[in-house]
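# Overview (structure and organization)
Residue-level listing of the chains:
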Amino acid sequence: MDVKTVHGFVGSKLSFSEANGDAGLKKAATMDAEALIGAVSASGLKGRGGAGFPTGMKWKFARAETRTPKYIICNADEGEPGTFKDRLILSDFADLVFAGMAIAGKAVGAEKGILYLRAEYEWLHPHLDEVLARRRKAGLLGPDILGGKNFSFDIEIRMGAGAYVCGEESALIESLEGKRGEARNRMPFPVQAGYLGLPTVVNNVETFAWVPCILEKGPEWFSKMGTQKSPGARLFSISGDCKKPGIYEYPFGVSLRQLLKDAGGENAKAVQVGGASGTCVPASKFDRKLAFEDLATGGSIIVFGPDRDMFAVAENFQQFFEEESCGQCVPCRLGNMRLHEAIVKMREEGLDAKGEMVLRRLAATMQSASKCGLGQSAPNAFLSILDNFAGELPRGKA
Amino acid sequence: MTAELITITIDGTALKVVPGTTVLDAARKVNIDIPTLCHHADLCSAALGKKVPAPSNCRMCLVEVEGQRALQASCATEINGPMNIKTSSPAIRHARQDILALMMSEHYGDCAACRRNGNCELQQLCAEYGVDTALFGRPEAPLYAMPDEDNIIQRDMNKCVICRRCLRTCELYQGVVALSPEGRGEHTDIATFMDREMMEAWCINCGQCINRCPTGALTERDDTAAVWAAIEDPDKLVVIQTAPAPRAAIGECFGCEPGTPLTFEMNTALKKIGFDKVFDTNFSADLTIFEEGAELLGRLYKAVVLKDNSAALPQFTSCSPGWIKFIEHFYPEYLPNLSSAKSPQQMMGAVVKTYFAEKNGWDPSKIVSVSLMPCTAKKFEAARPEMDASGHRDIDYVLTTRELARMIKQAGIDLPKLEKSDFDNPFGTPTGSGVIFGATGGVMEAALRTVLEVVTGEKIETLFDKADILPVRGFEGVRMAQVTIGKVGPVPAIFSHLVPDFEWLKGVTVKVGLAHGTANAIRVMQDIKEGGPLSQCHFIEFMACPGGCLGGGGQPIPTNLEIRTARAKAIYGEDAAYKVRKSHENEDVLRIYREFFKEGPCSHKSHELLHTHYKERV
Ligand SMILES: Cc1cc2nc3c(=O)[nH]c(=O)nc-3n(C[C@H](O)[C@H](O)[C@H](O)COP(=O)(O)O)c2cc1C
Ligand code: SF4
């Protein structure tokens, strides 16, 4: 597979450029479901959408469900501020994603796939349709894939609704069902009752793209990369105050310092890891490692140079959540509004000890009481900025 | 099948539960109180008889579940395996306090002046949790425009906590979907289509949303000031009629157990307040049975004997104004099936300003006719422009049970302690057939008691013990019943202008249907459209509100199945205790046909005053 169009700067060698997804698919066609799940589990692949749930285990749960039909959904909503790696994968490596979805279908017993495409990526739609058509023609999609009798799978592309929360898997499913995009209760999980109430696997674009690579080269190829708790490699979207923003692939365990060096952001004073819902890491901690056991991330790395006003950053993030909350639950809807107001105010007047206590407690309430991941992670950026940059507030902390 | 019980621990106490029980229900079973705002007893899977996801949006019912990082909403957490649960901890308490303070941070309104002061779930929880409004402040000015004062359903978003009980009630019980969540983030609110005022929306004014609102965001238009003004105007003669359902419920506003009837105490209170006459809507309920029954006989005769397909059957009842607006909006092609008989409220209004005024030498233009109803939609019905055939408005003001309770309190009256007194003549005979109009199935039961006796010439008790027609009672959402007419009797004089004889009814199986809550009305209408069993019915009773009028939108808050059951018990208890239990034995009604509607039911004069027409609405 050759790289045709590269949207944005690719800063390191990508495994996807060298992969042969069809070889992975061919291999998969010869394996049974247990063996497929076994291989993905053995590779140690974890979800690339943020939460890092072991992919093999998710598939195993979905396989165990007896109700049919089942669905495979590719989460291409890519809404986390600072991520754009899924866009590159879709434009340049869509075959890997579609092969991965078909393999997932075989593994869990699903014949239907849906790719939920971010509204802003509408321009990719014709290209993706083209790839789908080519694959159908080549017998890589549709009935009896690669001549295999028990291997049928097809994929439909559906456009997203343009809301950040629709990247959250249950809100995504609601949106696909034509309803208001808002999170469901945590349980039942989508693998039990997802799209149309049926067992559904939702995985990130990149998660699917790794799957045919793993089958082609073997689980060990993958698990040899990275750390013991975070096997493999992943893509990072690096942006902000650096000379070479773009998409980089690293094995897990790489330090922030290394990333900054490669991207030309050595003089940063802080890095936001994981987008708006992630945490802000100060320069003193740049030796921390990017891995699920240390700094977990959906791939978004935003670099802040020495001149940045960190509470302006916090204000910006809080405003984002205030607007993007689906609005159904109180801690998120009102918590973000009040926290946003408080940040505006503290940038003017500073923050006294009592005010800080109230806000920390509010943040804890949002984290523990919100209905979905959006509200639960909404105060993270503010808290980490308050922990590390309180000195930037007027008169400092009282 | 008995599923294996699961042992869980709540606050250190072990208990066994059926799989699928929510943590909230399990805790309440062992008397652990977990606060809720978006949860409502009527709106959970158990009450609805089908699986609906808990909205879990207020986040008040959070508990700690061992092994879970975040707090879990107990209303949405089903027990499917062993669990160790804590319902009280600093984290839980702090979260609840914060959530309440957050709600108050966008809660604009004057608690002291609020209609729900003392009966507000938010206020009560704020008191329990010692909420600190200094944490996040209070709005200094309204965040939303106030609703137009003319709206019957008053919706003040400034007091809304966006719990969604209203729109879930509107959808799940009423099938109307007049309200939906709109906007995101800071712009989230509950709105009608195109943000119209409630009176311009396809709302049917049933008021079921009000009954389930935890705060003062939903209330009915307050007409008490106008009624006080009429009472205090020496020039006016103010009469009030009281419907059956309020008397079984008003005690709840005075600390009585649900199901405490205060019919005759209320008569005393109304006189003390200053009403000149107190009439019993039972009178016009019985009058309705004559008019609607005569209409049904006419339609059946047309269909069975004259083989005329234009007789619109099944005939639909027309006493529930929420149902009337519902069919006008959503099934206008079935308007011919509606009985043209006015509702009891309007019939009483029409005869008070004609028959009664003439008889007593009262100037009808000086009469102010008030009705006490369990219903908010009655305010809309009273205001329908066509309701003035006598040259005067049939009804001038409608008070809900809640509004009258306030007036009684304002007059310093302790209702349950009052002595009893009777209704006023000539509309003062309480009848069993009239009082059961307050429960779903009641209109049908009253109609059957009369129609079957009139047609067969035999006592209904030979068919149904104690005249209790049990097959039409109960709270099942859609019900059907049938009776085959064995022998027939002679046509009583009062109906002789309608049919020559009853021979054609011999051997006919009369089929009736019932539905309450307009979501159930949709089920019936769909079935009729598809030619299902309900299309074979002759007569169908529709009540807009769950449980019928006893569960009306103007009744005391709260409501739930237990409370509605208690009110039903009170109503059937009154029925059993009254001397007159059949409409055709109500001497007041027989008198008005002798003295005023001399040509009998469904005649020219009765059509003019007691019947009406309907229109399609968009
Ligand atoms: C507010 C919010 C937004 C999210 N947005 C995305 C997204 O844009 N893309 C994505 O893959 N996952 C997103 N997720 C994570 C998904 O809910 C889900 O965990 C993921 O798609 C699962 O795929 P994975 O296991 O392959 O990571 C989001 C989660 C939350 C709470
Ligand atoms: S946490 Fe926020 S986004 Fe998630 S359900 Fe609650 S209001 Fe909606």
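## Let's talk about the nonpolar core
Counting 102 residues, the largest nonpolar core has Leu404, Phe427 and Ile592 of chain B as its most contacted members. With 10 residues, the single largest contributor to this core is helix α10 (residues 281-304) of chain B. Other than its neighbours up to four places away in sequence, Phe427 of chain B contacts Phe279, Asp280, Phe283, Met348, Val351, Val352, Tyr355, Phe356, Asp588 and Ile592 of chain B. Core analysis: the second largest hydrophobic core is formed by 99 residues, Ala381 and Leu386 of chain A together with Cys126 and Cys163 of chain B among them.

## A closer look at the site of ligand 1
Residue and element names in this part refer to chain A. Contacts to ligand 1 come from 18 residues, most closely from Gly49, Asn75, Asn203, Asn204 and Thr207. Here an oxygen atom of ligand 1 and a side-chain polar atom of Asn204 are 2.7 Å apart. Going through the elements one at a time, β4 (200-204) and α15 (373-377) are the ones with two or more residues in the shell around ligand 1. Of the residues that constitute the shell around ligand 1, the class distribution is 3 nonpolar, 9 polar and 6 charged.

## Thoughts on the side chain of Ser74 of chain B
All names here are of chain B. One can find Ser74 in the loop between β4 (72-73) and β5 (84-86). Judged by relative accessible area, which is 0%, Ser74 ranks as buried. Side-chain polar atoms of Ser74 contact the backbone oxygen of Cys61, separated by 2.8 Å. Residues within four places of Ser74 in sequence aside, it is in contact with Thr22, Val23, Leu24, Ile34, Cys61 and Val63.

## Examining the sheet that holds strand β1 (residues 6-10) of chain B
All names here are of chain B. The 5 strands are arranged β2-β1-β5-β3-β4 in an open sheet whose pairing can be described as mixed. The open sheet has two free edges, formed respectively by β2 (13-17) and β4, since each of these has just one partner strand. Pairing analysis gives 2 bridges linking strand β3 (residues 62-65) to β5, with the strands arranged antiparallel. Residue pairing for β5: Val65 is matched across the bridge by Ile85. In the packing of helix α3 (residues 90-104) onto the sheet, contacts are made with β3 and β5, and the angle to β3 comes to roughly 155 degrees.

## Thoughts on the site of ligand 2
As a matter of local geometry, ligand 2 sits amid 13 residues, with Cys326, Cys329, Cys332, Cys372 and Gly375 of chain A nearest to it. Taken together, the residues of the shell around ligand 2 break down into 7 nonpolar, 5 polar and 1 charged.

## Let's talk about the domain arrangement of chain B
All names here are of chain B. Per the domain assignment, the segments of chain B are domain 1 (6-88), domain 2 (100-220) and domain 3 (222-618). Distance from the C-alpha centre of domain 2 to the C-alpha centre of domain 3: 32 Å. Every contact between the two is made by 23 residues of domain 2 and, on the other side, 28 residues of domain 3. Considering only the surface of domain 2 that becomes buried against domain 3, Ile204, Asn211 and Glu220 emerge as the three largest contributors, covering 31% of it. Counting across the interface, domain 2 meets domain 3 through 1 salt bridge. Measuring nitrogen to oxygen at the nearest pair gives 3.2 Å for the salt bridge that ties Arg402 to Glu220. Elements with a contribution of two residues or more to the side of domain 2 that touches domain 3: α5 (165-172) and α6 (208-212). Tallying contributions element by element places α6 first for the side of domain 2 that touches domain 3, with 4 residues.

## Some words on empty space enclosed by the protein
Residues and elements named next belong to chain B. Tallied over the full model, the rule gives 7 cavities of 30 Å³ or more. Taken together, 25 residues line the largest cavity, and the ones lying closest to its centre are Cys319, Pro374, Lys378, Phe437 and Cys549. Every element with two or more residues in the lining of the largest cavity is listed here: α10, α11 (321-330), α12 (344-360) and α13 (377-383). Each residue belonging to the lining of the largest cavity can be placed in one class, and the counts come to 17 nonpolar, 7 polar and 1 charged.

## Here we look at the packing of aromatic side chains
Residues and elements named next belong to chain A. Tallied over the entire structure, the rule returns 34 aromatic pairs over all chains. Centroid distance Tyr71 to Tyr195: 4.8 Å. Interplanar angle 90 degrees. Geometry classified as edge-to-face. You can see Tyr71 sitting in strand β1 (residues 71-76) and its partner Tyr195 sitting in the loop between α8 (169-176) and β4, a full 124 residues away along the chain. A residue is classified by how much of its surface remains accessible, and Tyr71, at 8% relative accessible area, is buried. Classification of Tyr195 as buried rests on a relative accessible area of 9%.

## Observations concerning the state of the cysteines
All names here are of chain B. Enumeration according to the criterion identifies 0 disulfides over all chains in this entry. There is no disulfide at Cys58, and the cysteine sulfur nearest it, in Cys38, is 3.8 Å away. Cys545 provides the cysteine sulfur closest to Cys375, a residue in no disulfide bond, and the two sulfurs are 5.9 Å apart. Residue classification places Cys375 among the buried residues on the basis of a relative accessible area of 12%.

## Observations regarding the pattern of salt bridges
On inspection of all chains with the given rule, the structure shows 75 salt bridges over all chains. The closest approach of N and O atoms between Arg288 of chain A and Asp294 of chain A, which form a salt bridge, is 2.9 Å. Looking at Arg288 of chain A, the relative accessible area reads 31%, which means it is partly exposed. In this structure, Asp280 of chain B engages Arg247 of chain B in a salt bridge whose closest nitrogen and oxygen atoms are separated by 2.7 Å. With Asp280 of chain B in strand β11 (residues 277-280) and Arg247 of chain B in helix α8 (residues 244-247), the pair connects residues that are 33 residues apart, well separated along the chain.

## So, the confidence of the model for chain B
Looking at chain B, the pLDDT average stands at 97 and 100% of residues meet or exceed 70. If you check the scores for this complex, the pTM reads 0.95 and the ipTM reads 0.95.

## Structural notes on helix α14 (residues 401-410) of chain B
Across the 10 residues of α14 of chain B, 7 count as buried, placing the element largely inside the fold. Backbone geometry just downstream of α14 of chain B places Gly412 of chain B in the positive-phi region, at approximately 70 degrees.

## With respect to the sheet that holds strand β6 (residues 246-251) of chain A
All names here are of chain A. Reading across from one edge, β6-β5-β11-β8-β9 is the order of the 5 strands in this open sheet, with mixed pairing throughout. Only two strands of the sheet have a single partner each, and these edge strands are β6 and β9 (279-282). On average, each strand axis in the sheet is inclined to that of its neighbour by 30 degrees, with strand direction left out of account. Docked against the sheet, helix α12 (residues 310-324) engages β8 (270-273), β9 and β11 (300-304), running at close to 145 degrees with respect to β11. Docked against the sheet, helix α16 (residues 380-389) engages β8 and β9, running at close to 20 degrees with respect to β9.

## Remarks on the environment of Glu322 of chain A
Mapped onto the secondary structure, Glu322 of chain A falls in helix α12. Placed 265 residues apart in sequence, Glu322 of chain A and Met57 of chain A show a C-alpha to C-alpha distance of 34 Å. For Glu322 of chain A, the residues in contact, after removing those within four places along its chain, are Asn336, Met337 and His340 of chain A together with Gly185 and Glu186 of chain B.

Rules used throughout
Residues numbered from 1 in each chain as written. Chains lettered and ligands numbered in written order. Predicted model: local features only at pLDDT ≥ 70, side-chain atom pairs only at ≥ 80, totals over all residues. Heavy atoms only, no water. Core = buried A, V, L, I, M, F, W, Y, C linked by side-chain atoms within 4.5 Å. Buried < 20%, exposed > 50% of the residue type's maximum accessible area, 1.4 Å probe, protein only. Helix = DSSP H or I, 4+ residues; strand = E, 2+ residues; numbered from the N terminus. Contact = heavy atoms within 4.5 Å. Near = heavy atom within 4 Å. Polar contact = N/O pair within 3.5 Å; in protein donor to acceptor, adjacent residues only side chain to side chain. Nonpolar A, V, L, I, M, F, W, Y, C, P; charged D, E, K, R; others polar. Pairing = 2+ DSSP bridges. Axes fitted to C-alpha atoms, helices over the stretch in contact; angles between N-to-C directions. Domains from an automatic or database assignment. Buried area = accessible area lost by both parts, 1.4 Å probe. Salt bridge = Lys/Arg side-chain N within 4 Å of Asp/Glu carboxyl O. 1 Å grid on protein atoms, 1.4 Å probe; cavity = no way out; pocket = protein on both sides within 12 Å on 5 of 7 lines; lining within 4 Å. Points joined across faces, edges and corners; volume = space filled by probe spheres on them. Phe/Tyr/Trp six-rings, centres within 6.5 Å; stacked < 30°, edge-to-face > 60°. Disulfide = S-S within 2.5 Å. pLDDT = per-residue confidence, 0-100.

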